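# Breakdown of the fold
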Amino acid sequence: MAAENRQVPEVPSGAPGRATEWLSSFQDLIEKQLHERTQYLLAPPAPPAEPAARGLQAVTTDYVNTIPVEQEPDFPGDEEIERRYRRWLRWNAAVMVQRAQRPGIGVGGHISTYAGAATLYEVGFNHFFRGADHPGGGDQVFFQGHASPGMYARAFLEGRLSEQQLDGFRQEKSKGQDGIPSYPHPRSMPEFWQFPTVSMGIGPMNAIYQAQFNRYLQHRGIKDTSDQQVWAFLGDGEMDEPESRGLLQLAANEGLDNLNFVINCNLQRLDGPVRGNGKIVQELEAFFRGAGWNVVKVLWGREWDPLLAADQDGELVRIMNETLDGDYQTFKAESGAFIREHFFGRSAATKDMVASLSDDEIWALKRGGHDYQKVYAAYRAAVQYRGKPTVVLAMTVKGYGLGTSFEARNATHQMKKLTLEDLKAFRDHLRIPIADEQIEADPYSAPYYHPGADAPEIRYLLERRRALGGSLPARRAEHGSVVLPDGGAYRSAAKGSGKQMAATTMAFVRVLRDLMRDKDFGHRIVPIVPDEARTFGMDSFFPTAKIYNPNGQNYLSVDRELMLAYKESPQGVLLHPGINEAGATAAFTAAGTSYATHGEPMVPVYIFYSMFGFQRTGDSFWAAADQMTRGFIIGATAGRTTLTGEGLQHADGHSPVLAGTNPAVRSYDPAYGYEIAHIIRHGLEQMYGPGSTDPNVMYYLTVYNEPYRQPAEPEDVDVEGIVGGIHRIQRSESAGPRVQLLGSGVSVPWALQAQQVLEEDWGVSADVWSVTSWNELRRDGLAAEREALRSPSSPRRVPFVTQQLADAEGPVISSTDFVSELPDRIRQYLPNDFATLGADDFGFSDTRAAARRWFNIDVHSIVVRALQMLAARGEVDSETPVRAFDRYRLDDVTAGTTGNPGGDA
């Protein structure tokens, strides 16, 4: 009913003034067309299913469809044609998994998720999801991972995948070019999948930040994304992941009405009910409404409409409100007679309501998520809603149509194959024209069904996709040209810091600043900082680049008169997600894949406390790698002893080790600004330079908050060594026993000091090397070993680190502000005696000098360890290291002198 037709009754004569005010307020609500909110104010709250649910009453509505029957739009398509090929899709999806379970293969797959969600997807495919050829630019759709067989089945009907490829499901290597991955994995299937979604919770937050990034591109004038929608298909069990709900406020705060969540509420997770003693739909409604979202519930199919219309006393709605999810699940695993007795039988009125219905008709009362008309109405309402993101809560049955062995059973998620009887029943239910003999010959080779490209259903299916802009899912990696910065953008880094001291964090920020100023490339940089810009010296970006906020800055800033005032703007460049590493990583992923999602290459630069990167959001970086994200990840305030004031949980001694487990991450630990510049330049060339064979990489650089003198770039700088992972920065010309000192990052100055002490106090000659990447050296070594294994008749390639140290004399001593496992990764590639000094325990609060002495990674620990190794070789007297130990009081933390004072954040 339109708001203008809803009349408020006149105020009775003599009514108190308060009543007049209340009715006046109510009239104001109606005049402003807040029909939905008015319902919430007036409708009695649904009775809670359990005491814990009582706090949710104020923001939940009755357990019925949000959109009344009279407000449903007409369905625009041919529902019967769509229903026919939807049956074929469900059959082919199930058969694909069944065939992957044949003896000798047995690789699994999930049947039940797509069976229950097919309608949710098909209404989208036929009427809403726009492909990349759409004039508006196309939508981004995050498909629920376990429903992937349905997407493959649709691609088969469209002619995009062959039978051989369907038979290659989950056999990516053994089936060669016909192998296809289990789930949405863009890295495995780069022209098909766009977004990896199977790691639960990552899909929801990545979808939110994808929608935000679309607006960011538009506000910055880079691309018009105003006609693009983001869809995320999720499971109700998945919504228990903290990532699934933890970022809802961003979408509401920024009014992301280009974002639509569709939650498949089959009331089941992997082992059983999501809320057996509660109501997950009501819980989610409360959370989303409370977070500021528009909520549309699709709970009951059209068969329920006459019953609800006849429910004059509200008994049916009362029973719907009171029935627990565990009971709803049981009803669909039983029979129509069981539902008659245990659901409708709870009230004389409702029992009479279905007296004229047969048990089969009661059983056929569908849930809303299986009804084309109801789902279409919900989706249309979602895309037309303005000012808020929308969530569609659609109730379905897991394993819908698969038969009594599957439908709504607790074990249905783990059930991978159909019995002969199940197959026949499923075929009959879907009316697939396949004979018994074809199934009986081998149940594991039940045939796929395709009516032929000329069938009217296939022509209709393809026409719908053409009208909507092409097939989905699909990924396009082609993008506009990129003009990379020339050497001028890196000159300031090559100059060093002169007589001043500067931390590598500041050296990096200067490189970033110069890149952002480049006239042809600077607009492609997307800086991302989770509420630590001032810590990293990036507050200078505030007044110039500004902080992105689609709503602008509508308050009087407290520091408005300062040179480095905090400034927000819709055209802001800096993404500032707040204290929110998960959101920042999602923003990084959205920006770093813009070359594929939008054809606009953008380069995200995400800078954070190194302790809170790969440790806290490693799963998200893994998904980013799967999505083939490109960009720079900067772990600032790195090291276990540089941030000593902060203590244990802030002391990063292991992030490069974690980063090294991600095959798409190139991890570097530079010591100097000129090293940073060469690494970043190489990274940009790898990502977007001509002829790059491996562009889908992320560069992780650890930088420190400890200042020391930054030298100018040497004239004979070894760029290959910097990029490859190791280069010599100082050779000793003195006589005496020789050692090689390896450092990385902040430990390189320690090695230089140790070189001086060894020469002056003990007559030992030491060369000093900067190891910019222990991980890259190890990867190169492992690659050389693998090449030798696979090509035994070819000459063996010598690993890069072995080549670099080929002429290095004496034992090798490494020291790092990370765990000793990091430098130990190259041990097998060195013929020299090798020792590692690392920070192999929890961090703590103290001075830098004391912490380094405690871990025995400081200057004098390097000296003593070098003397011990020389003594073991007989090159110095055996008492020499003992004298050195006593001289430097190596067991006394108060005697440490390595590093600058400080270490606060």
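What you see is a predicted model; the values in this text were computed from it and never measured.

## Brief notes about the pairing of strand 17 (residues 765-771)
For strand 17, a buried count of seven out of seven residues is recorded, marking the element as mostly surrounded by other parts of the structure. Burial of the side chains of strand 17 extends over both faces: S765, D767, W769 and V771 are buried on one face and A766, V768 and S770 on the other. As defined by bridge partners, strand 15 (residues 726-730) adjoins strand 17 across four bridges and the pair is classed as antiparallel. Within strand 17, the residue paired with H727 across the bridge is S770. Sheet analysis places strand 16 (residues 738-743) next to strand 17, joined by six bridges and oriented parallel. The partner of L742 across the bridge, within strand 17, is W769. Regarding the hand of the β-α-β motif, the stretch spanning strand 16, helix 29 (residues 748-762) and strand 17 is right-handed.

## Observations concerning the packing of helix 4 (residues 112-127) against helix 5 (residues 148-157)
At their nearest, the axes of helix 4 and helix 5 sit 10 Å apart, and the two run at 50 degrees to each other. One element, helix 4, and the other, helix 5, form an angle in the oblique class. Helix-helix and strand crossings are classified by hand; for helix 4 and helix 5 the assignment is right-handed. Residues Y114, Y121, E122, F125 and N126 of helix 4 form the contact with helix 5, whose own contacting residues are G150, M151 and R154. Here the residues of the contact of helix 4 with helix 5 are counted per class, giving four nonpolar, two polar and two charged.

## Side note on the environment of H450
Along the chain, the position of H450 falls in the loop between helix 19 (436-440) and helix 20 (456-467). Note on H450: relative accessible area 30%, which makes it partly exposed. Distance from H450 to P190, taken between C-alpha atoms, is 26 Å for residues 260 residues apart in sequence. In this structure, H450 is in contact with F156, L157 and I458, ignoring residues within four places of it in sequence. Here the side chain of H450 touches L157 through a polar contact of 3.2 Å, landing on its backbone oxygen. At a separation of 3.0 Å, a polar atom in the side chain of H450 contacts the main-chain amide nitrogen of G452.

## Points about helix 29
With 15 residues, helix 29 should cover 21 Å at 1.5 Å per step; its first-to-last C-alpha distance of 20 Å lies within 8% of that length. Every buried residue of helix 29 is accounted for by V748, P749, W750, A751, A754, Q755, V757, L758 and W762. Once helix 29 finishes, G763 follows within two positions and takes phi at roughly 65 degrees, a positive value.

## Section: the side chain of N264
Secondary-structure assignment places N264 in strand 3 (residues 259-265). With near-sequence residues (within four places) excluded, N264 lies in contact with T113, A117, L120, Q144, L234, G235, D236, A394 and T396.

## Section: the confidence of the model for the protein
Averaged over every residue, the pLDDT of the protein is 91; the share at 70 or more is 92%. Below pLDDT 50 for its whole length, residues 1-16 participates in 13 contacts with residues either more than four positions away or in separate chains. In this model residues 30-57 is a low-confidence stretch, pLDDT under 50, and it forms 37 contacts with partners more than four residues away in sequence or in other chains.

## Quick notes on the side chain of D371
Of note, D371 is situated in the loop between helix 16 (359-363) and helix 17 (372-384). Classification of D371 as buried rests on a relative accessible area of 0%. The residues touching D371, leaving out its near neighbours within four places in the chain, are T119, G301, R302, E303 and K366.

## Digging into the sheet that holds strand 13 (residues 698-702)
Overall, parallel pairing links the five strands, which are arranged 7-10-11-13-12 in an open sheet. Edge strands, defined here as strands with exactly one partner in the open sheet, are strand 7 (525-528) and strand 12 (665-668). Going across the sheet, the axis of each strand differs from the next one's by a mean of 15 degrees, ignoring polarity. Pairing between strand 11 (residues 631-636) and strand 13: five bridges, direction parallel.

## Re the packing of aromatic side chains
For the structure shown, the criterion picks out 59 aromatic pairs. With centroids separated by 5.0 Å and ring planes inclined at 85 degrees, the aromatic side chains of F192 and W193 adopt a geometry described as edge-to-face. In terms of burial, F192 and W193 fall into one category: buried. With 4.5 Å between their ring centres and 45 degrees between their planes, Y606 and F608 make a pair best called tilted. Taken individually, Y606 and F608 each receive the classification buried, so the pair is uniform in this respect. Across the ring face of W363, the terminal group of K332 is positioned such that the distance to the ring centre comes to 4.0 Å.

## Quick word on the pairing of strand 5 (residues 390-395)
Of all six residues in strand 5, six are buried; the element is thus mostly enclosed. Side chains T390, V392 and A394 project from strand 5 onto one buried face, and the interleaved V391, L393 and M395 project onto a second face that is buried too. Where strand 3 lies against strand 5, six bridges are found, and the strand directions are parallel. Its bridge partner being in strand 5, C265 is matched across the sheet by M395.

## Here's the deal with the environment of F855
As for its placement among the helices and strands, F855 is situated in helix 33 (residues 848-855). The exposure class assigned to F855 is buried, which follows from its relative accessible area of 10%. In this structure, the C-alpha to C-alpha distance between F855 and A115, residues 740 residues apart in sequence, is 58 Å. When near neighbours in sequence (up to four residues on either side) are disregarded, F855 contacts R640, T641, G838, A839, D840, D841, F842, G843 and F844.

## Thoughts on the packing of helix 4 against helix 17
In a pair of packed helices, the angle between the axes and the distance between the axes together describe the arrangement. At their nearest, the axes of helix 4 and helix 17 sit 9 Å apart, and the two run at 60 degrees to each other. By the angle class used here, helix 4 and helix 17 are oblique. Viewed along their axes, helix 4 and helix 17 form a crossing whose handedness is right-handed. Contacts from T119, L120, E122, V123, G124 and H127 in helix 4 reach Y372, V375, Y376 and Y379 in helix 17. The residue makeup of the contact of helix 4 with helix 17, split by class, is six nonpolar, three polar and one charged.

## Notes on the pattern of salt bridges
Inspection of the entire model under this criterion finds 55 salt bridges. Residue R887 pairs with D761 through a salt bridge whose shortest N-O separation is 3.5 Å. In this pair, R887 sits in helix 35 (residues 880-888) while D761 sits in helix 29, placing the two residues 126 residues apart along the sequence. The closest approach of N and O atoms between E787 and R797, which form a salt bridge, is 3.0 Å. One end of the pair, E787, is in helix 30 (residues 774-790); the other, R797, is in the loop between helix 30 and helix 31 (800-804), with 10 residues separating them in the sequence. Exposure remark for E787: the relative accessible area of 38% places this residue in the partly exposed category. Using a relative accessible area of 31% as the deciding quantity, one classes R797 as partly exposed. Salt bridges here are not isolated pairs; linked through shared partners, they connect E79, E80, R83, R84, R302, D371 and E457.

## Section: empty space enclosed by the protein
Within the structure shown, the criterion is met by seven cavities of 30 Å³ or more. Approximately 130 Å³ is the volume attributed to the largest cavity. Residue lining of the largest cavity: W300, W304, Y328, F331, K332, I339, F343, F344, I362, L365 and R367, and that is the complete set. If you tally residues by element for the lining of the largest cavity, the top one is helix 13 (residues 325-332), at three residues. The residue inventory of the lining of the largest cavity, partitioned by class, reads nine nonpolar, no polar and two charged.

## Section: the sheet that holds strand 2 (residues 230-235)
Backbone-to-backbone hydrogen bonds pair the strands of a sheet. The strands run either parallel or antiparallel. An order of 1-2-3-5-4 is seen for the five strands of this open sheet, with the pairing classed as parallel. Two strands in the sheet have a free side with no partner beyond their single neighbour: strand 1 (140-142) and strand 4 (294-298). The sheet shows a mean angle of 15 degrees between the axes of neighbouring strands, direction not considered. By the bridge criterion, six bridges tie strand 2 to strand 3 in an arrangement that is parallel. Looking across to strand 3, one finds that G235 is bridged to N264.

What counts, and at which threshold
- Note that residues are indexed from 1 along each chain, following the sequence as it is written.
- Selection of residues for local features in this predicted model requires a pLDDT of at least 70, selection of side-chain atom pairs for listing and counting requires 80 or more, and totals for whole chains, interfaces and linings are taken over all residues.
- Hydrogen atoms and water are omitted, and side-chain values are computed over all heavy atoms in the structure.
- Buried, partly exposed and exposed residues are distinguished by accessible area as a fraction of the type maximum, computed with a 1.4 Å probe on protein chains only: under 20%, between the cut-offs, and over 50%, respectively.
- The numbering of helices and of strands both runs from the N terminus, where a helix is a DSSP run of H or I of at least 4 residues and a strand a run of E of at least 2.
- Two strands form a pair only when DSSP identifies at least two bridges running between them.
- The handedness rule is simple: strands pointing away from the viewer, and a clockwise path from the first strand over the helix to the second, make the crossover right-handed.
- Structural elements are reduced to axes, namely lines fitted to C-alpha atoms, with helices fitted over the stretch in contact, and the angle between N-to-C directions of any two is expressed from 0 to 180 degrees.
- Any angle that is under 35 degrees is reported as roughly parallel, and any over 145 degrees as roughly antiparallel; angles of 65 to 115 degrees are reported as roughly perpendicular and all others as oblique.
- Two helices that cross are described as forming a left-handed crossing if the nearer one is turned anticlockwise from the farther one by less than a right angle, and a right-handed crossing if clockwise.
- Contact definition: two residues touch when any of their heavy atoms are within 4.5 Å.
- Each residue gets one of three labels, nonpolar for Ala, Val, Leu, Ile, Met, Phe, Trp, Tyr, Cys and Pro, charged for Asp, Glu, Lys and Arg, and polar for the others, Gly among them.
- For the purposes of these results, a polar contact is taken to be a pair of N or O atoms within 3.5 Å, where, inside protein, one atom must be able to donate a hydrogen and its partner to accept one; residues adjacent in sequence count only when each atom of the pair is a side-chain atom.
- In this analysis, the expected span of each helix is defined as 1.5 Å times one less than the number of residues it contains.
- pLDDT expresses, on a scale from 0 to 100, how confident the predictor is about each individual residue.
- Centres within 6.5 Å are what make two rings of Phe, Tyr or Trp a pair, Trp counting through its six-membered ring; a difference in plane orientation under 30 degrees is then read as stacked, over 60 as edge-to-face, and the rest as tilted.
- Charge-over-ring placement is defined geometrically: NZ (Lys) or CZ (Arg) within 6 Å of the ring centre, and within 35 degrees of the ring normal.
- Take a side-chain nitrogen of Lys or Arg and a carboxyl oxygen of Asp or Glu: if they are within 4 Å of each other, that pair is a salt bridge.
- For each structure, a 1 Å grid was placed over the protein atoms alone; sets of points admitting a 1.4 Å probe that cannot get out are labelled cavities, open sets with protein on both sides within 12 Å along at least five of seven lines are labelled pockets, and lining residues have an atom within 4 Å of a point.
- Grid points are joined across faces, edges and corners, and a volume is the space filled by probe spheres set on the points.

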